[in-house]
Amino acid sequence: MVPVNYYIVLSAILFSIGVVGVLVRRNALIIFMSVELMLNAANLAFVAFSSVIKSFSGQIFVFFVIAVAAAEVAVGLALIVEIFKSKRSIDVDQMSSLKG
Amino acid sequence: MHLAETVNSGFFFLAPWLVFAPVVGLLINLIFGKRLSETMIGTVASLASGAAFVISVLLAYSVSVNHGEVVRWQLAEWIHIGTLQLDWTFRVDSLSTTMMLVVSGVGTLIHIYAIGYMHEDVRFKNDVGRYARFFIFLNLFIAMMMILVSGDSYLMLFVGWEGVGLCSFLLIGFWYELDTLGRPSWANSNAAKKAFIVNRIGDFGFLIAAFIMFWAFGSFQFDEVFEAAQHAAPGIILAITLFMLIGVAGKSAQIPLYVWLPDAMAGPTPVSALIHAATMVTAGVYLITRSAELYTLVPQAQYIVALTGAVTALFAATIAVGQYDIKKVLAYSTISQLGFMVAAVGMGAFVAGMFHLVTHAFFKALLFLSAGSVILGLERGHHHAEHAHAQAHHNNKHIKGKRKEERQGNAHEEVFDPNDMRNMGGMRKTMPVTFWLYMIGTLALAGIVPFAGLWSKDEILLDASLHYPIVYWLLSIAAFFTAFYMGRQIWMVFFGEPRHAAAAHAEESPRVITVPLMVLAVLSVIGGVLNLPFQGFHNLGHWLEYTLHEVEALPLNLGVAGISTVLALLAIAASWYIYGRNQLRAGEVDPLKQRLGAFFTGAENKWYVDELYHAIIVTPFAKISQFLADVIDWRFWHDWFHETVIAGTYNWVSNIALNRYADQRGIDAVANGLGDVTQWFSTILRKVQNGFVRSYALSVLLGVVLIVGYLILK
């Protein structure tokens, strides 16, 4: 059986890739994918710990996260479509009209 | 404290309705008075008072079948503080039922009389809308009087005591914007205020007596106070009884507080009869009788009370001789007769005092109401004569506006005073029924056999002759004057020739006025049987014995009775010699003035007591008030303290400490500086808000890293 540490390290790597993607990319779709990557890194950690402590609660949590992520994708994609309609671009740096 | 004993037989449960029946009557008139006819208003009020009378009769019957057992009927809890337990309890015993019978019985007759009297009075004074108000006040008075006589503690009695004082005030000032002649003036309302304020002085004495009682005995309830008084120091009882005497002097118009009662005649005549002759003013006599067990403990107090009453009786009787106003004569007569009662209860002759209270209620109410009938007859005659006069000289239009003119004070001729006996004369012929009724009242008051006044007065005189010779002589002389001034009144009002056109045209009063008078006249004739001085006829004595325990039943003393009868007859003869033989003519000086110049002038001017009080009390009081208002309040507090000290200091401080320099350089600089700092700080903070989502995300990441790092490394 693969030790749990491997899963945690993998999860951390995936999460970090997601964070870097959100911070450095300007394409809204890519940022969106990076966010999904972070969510699934968390899911992986949940499932790993769930099997270690022999409890289903972690797995149940994952189901919630997947459901919420699906809803988030629906809302997020709708927003991106609307932004594209008004700005003809999905570059997030152009959406800075709330600057102080 | 024991609660009301349970009584199986009798009508004691009706006791609260003594108060509620008149209250119901007054509420009906208060709510529907504007829509009811005058007859309906009067009927409702009379029925309410009549119901109280019926209840009084039933209660008296219940007391007699229970052999005088004191029944205390608790209606409601009133004040419960610590050990003080005060309840609204009705005390039904032979003494209180006697008072209830007098108040509601005479009261009901006066209600009926007032239906007719006020009908004309409101028309003479041009304000028909005030009819209902009069009966509301009368019913309120009956209710308050019932609280007074049925209360089971001194405090409950005091509630009624103040209540009747209020009703007295309201009714004396019933025509508050007029004077007694119907001209616009504050005379009537001043009379009302005088009555109220003088009574306040008396009430103050009563209150102090009650405070001492509570301080010494811890209770206001009659039985508890009497019980505790048996073991108390005589000094305390003496203080209580003497302070109580001040209250009695106020309410029952004794020296030195009698001055309000003559002025109280400003009220309509039924009020004078009901409140200021028959019932309210006897409350003081009732109070002393109720407190018999306190007074009998201190002979000094008894002596002072008896002397106060006797001196008042004589003093007021001499003033009555010199009065021209028909109601003022009766007012001073009332003070004098109240003096008889107070002297009687002061001597410990409580039965004689109560007996005189009852008979006096009959014949003095009769006299006042007959006087009211005379006044109305004269007013009618005046209108009649005026009308005839006016028709001869002016057109009709002028007359219609005439009364209004008089009310507004524009009357060009002298104002006719229907109360002045100098305007009367010969009314025996024009008002025969009233004449005979007045005669009966006069004979009863003068004490002629066999009228009621004789028996009660002689009982007082007899007691006085046995115990207090000084009081006996004072009262005998007062009785002489009583017969004299009543004789004078009869000769001046009813005999001789009319001295004024109004007297010649006077008309007899309608039956609604004369019938209640006839009932009172019958009572004045036969009232003596209540307590005849013969073996087996001491009815009132036996009746009151239930409450007063020790009652002296005196036999008839022919010497005392004979002397007083001879004195009365002599006085009437003297009055005939002076006033009856040669009739007073219009504009003539009173014949007594020629014979007894100084005495008569003194009596005419009420021995200058009002002037004396004015000089030694009212004027200094007004000056002190003026001083306090002008010098202390206005000049010291307002001008000096507020304006100079406080406002001046404030202005000075603001000028010196808060001048332009300090304001602009100090306070403004602080305020502006705060604003500048805030703006500078915000320009720095504004740079964070750059609008780039990714930089916000970086901030979130850094925050998370910081927090998680802290949690891990902690």
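Here the residue numbering is sequential within each chain, running from 1 through the sequence in written order. All chains are assigned letters beginning with A, and all ligands numbers beginning with 1, in the order in which they are written. Given that the model is predicted, a residue must reach a pLDDT of at least 70 before its local features are reported, and side-chain atom pairs must reach 80 or more before they are shown or counted; all residues, however, enter totals for whole chains, interfaces and linings.

Colleague: Honestly, the overall build of chain A in this entry has me stumped. Any pointers?
Modeller: Only DSSP runs of H or I with at least four residues qualify as helices, and only runs of E with at least two residues qualify as strands; both kinds are numbered from the N terminus onward. Along chain A, the regular secondary structure elements total 3 helices and 0 strands. Using C-alpha atoms as the atom set, the radius of gyration is obtained and then compared with a globule rule of 2.2 Å times the number of residues to the power 0.38. Taken over C-alpha atoms, the radius of gyration comes to 17 Å for chain A, far larger than the 13 Å a tight globule of 100 residues would show. Counting only C-alpha atoms, chain A reaches 50 × 25 × 25 Å along its principal axes. Remark: C-beta atoms are placed from the backbone, and a residue is labelled buried if 20 or more other C-beta atoms sit within 10 Å of its own, exposed if 12 or fewer do, or partly exposed between those counts. Counting every position in chain A, which comprises 100 residues, the buried fraction comes to 13%.

Colleague: I would appreciate a short explanation of the overall build of chain B in the present structure.
Modeller: Regarding its fold elements, chain B presents 30 helices and 2 strands. In terms of overall dimensions, chain B is more spread out than a globule: its C-alpha atoms have a radius of gyration of 35 Å, far above the 27 Å expected for 714 residues. Seen through its principal axes, chain B has C-alpha atoms that stretch 130 × 75 × 50 Å. With C-beta atoms placed from the backbone, a contact is any residue pair whose C-beta atoms sit within 7 Å. A sequence separation of at least 24 residues applies to 81% of the contacts in chain B between residues at least 6 apart.

Colleague: What's the story with the packing of helix α3 (residues 94-124) of chain B against helix α24 (residues 539-548) of chain B in this structure? I'm lost.
Modeller: Any two packed helices are characterised by how steeply their axes cross, that is the angle between the axes, and by the distance between the axes. Residues and elements named next belong to chain B. In this description, a line fitted to the C-alpha atoms serves as the axis of each element, helices being fitted only across the stretch in contact, and the angle between N-to-C directions of two axes falls anywhere from 0 to 180 degrees. For the pair α3 and α24, the least separation of the axes is 7 Å and the interaxial angle reads 130°. Relative to α24, the element α3 is oriented oblique. Counted together, Ser94, Leu95 and Thr98 of α3 and Trp543, Leu544, Tyr546 and Thr547 of α24 form the full contact between these two elements. Any angle between 65 and 115 degrees counts as roughly perpendicular, while under 35 counts as roughly parallel, over 145 as roughly antiparallel, and the rest as oblique.

Colleague: Help me out: how do you make sense of the interface of chain B and chain A in this one?
Modeller: Interface size is commonly expressed as the accessible area that is lost once the parts come together. Each side of the interface is counted separately: chain B has 10 residues, and chain A has 11 residues. For the side of chain B that touches chain A, the element with the highest residue contribution is helix α30 (residues 693-713) of chain B, accounting for 5 residues. Classifying every residue of the side of chain B that touches chain A gives 5 nonpolar, 3 polar and 2 charged. Residues are grouped as follows: Ala, Val, Leu, Ile, Met, Phe, Trp, Tyr, Cys and Pro are nonpolar; Asp, Glu, Lys and Arg are charged; every other residue, Gly included, is polar.

Colleague: It is not clear to me how the confidence of the model for chain B should be interpreted in this structure. Could you clarify?
Modeller: Close inspection of predicted coordinates is inappropriate in any region flagged by low pLDDT. Residue and element names in this part refer to chain B. Per-residue confidence from the predictor is reported as pLDDT, a score between 0 and 100. Here chain B shows a mean pLDDT of 87. Residues at 70 or above account for 95%. Of the regions scoring below 50 in pLDDT, residues 1-7 engages in 13 contacts with residues more than four places distant in sequence or in other chains. Within the model, the stretch residues 396-412 combines pLDDT values under 50 with 16 contacts to residues more than four positions away or in other chains. Scored by ipTM, the complex comes to 0.84, with pTM at 0.77.

Colleague: Explain the nonpolar core to me, please; I cannot follow it from the model alone.
Modeller: Most often, soluble globular proteins have nonpolar side chains that are buried together. For the purposes of this analysis, a nonpolar core is taken to be any set of buried Ala, Val, Leu, Ile, Met, Phe, Trp, Tyr and Cys residues that are connected through C-beta atoms within 7 Å. Formed by 224 residues in total, the largest nonpolar core has its most connected members in Met146, Ala343, Ala365, Leu366 and Leu475 of chain B. With 20 residues, the single largest contributor to this core is helix α15 (residues 350-393) of chain B. Beyond its immediate chain neighbours, meaning those up to four positions away, Met146 of chain B contacts Leu18, Val19, Ala52, Met100 and Val103 of chain B. Core analysis: the second largest hydrophobic core is formed by 6 residues, Val19, Ile31, Phe32 and Val92 of chain A among them.

Colleague: Quick question: what am I supposed to make of the domain arrangement of chain B here?
Modeller: Domains assigned within chain B are domain 1 (605-657) and domain 2 (660-714). Look at where the C-alpha atoms of domain 1 of chain B and domain 2 of chain B centre, and you get two points 64 Å apart. Each domain's extent is set by a domain assignment, obtained either automatically or from a database.

Colleague: What is the right way to read helix α10 (residues 269-278) of chain B from this model?
Modeller: Quick reminder: α-helices carry 3.6 residues per turn. Residues three or four places apart thus point the same way. For α10 of chain B, the buried fraction is high: 10 of the 10 residues fall into the buried class. Within α10 of chain B the residues assigned to the buried category are Thr269, Pro270, Val271, Ser272, Ala273, Leu274, Ile275, His276, Ala277 and Ala278 of chain B.

Colleague: How do you make sense of the pairing of strand β1 (residues 71-81) of chain B when you look at a structure like this?
Modeller: Looking down a regular strand, the side chains alternate between one sheet face and the other. Residue and element names in this part refer to chain B. Strands pair, by our definition, only if DSSP identifies at least two bridges between them. Here β1 pairs with strand β2 (residues 84-92) via 9 bridges, running antiparallel. Its bridge partner being in β2, Glu77 is matched across the sheet by Asp87. The hairpin formed by β1 and β2 contains 2 residues between the paired strands, and Gly82 there has a positive phi angle of roughly 55°.

Colleague: Just checking my understanding: could you explain unusual backbone geometry for this structure?
Modeller: Most peptide bonds take the trans form, and the phi angle of most residues other than glycine is negative. Residues and elements named next belong to chain B. Geometrically, the link from Ile255 to Pro256 is a cis peptide bond, its omega value of 5° lying close to zero. The phi dihedral of Lys606 falls on the positive side, at around 55°, and the residue is not glycine. Relative to the assigned elements, Lys606 resides in the loop between α27 (597-604) and α28 (609-656).

Colleague: I would appreciate a short explanation of the environment of Gly129 of chain B in the present structure.
Modeller: Residue and element names in this part refer to chain B. Along the chain, Gly129 turns up in the loop between α3 and α4 (131-150). Judged by the 9 C-beta atoms lying within 10 Å of it, Gly129 is exposed. Taking the C-alpha atoms as reference, Gly129 lies 9.3 Å from Gly33; in sequence the two are 96 residues apart.

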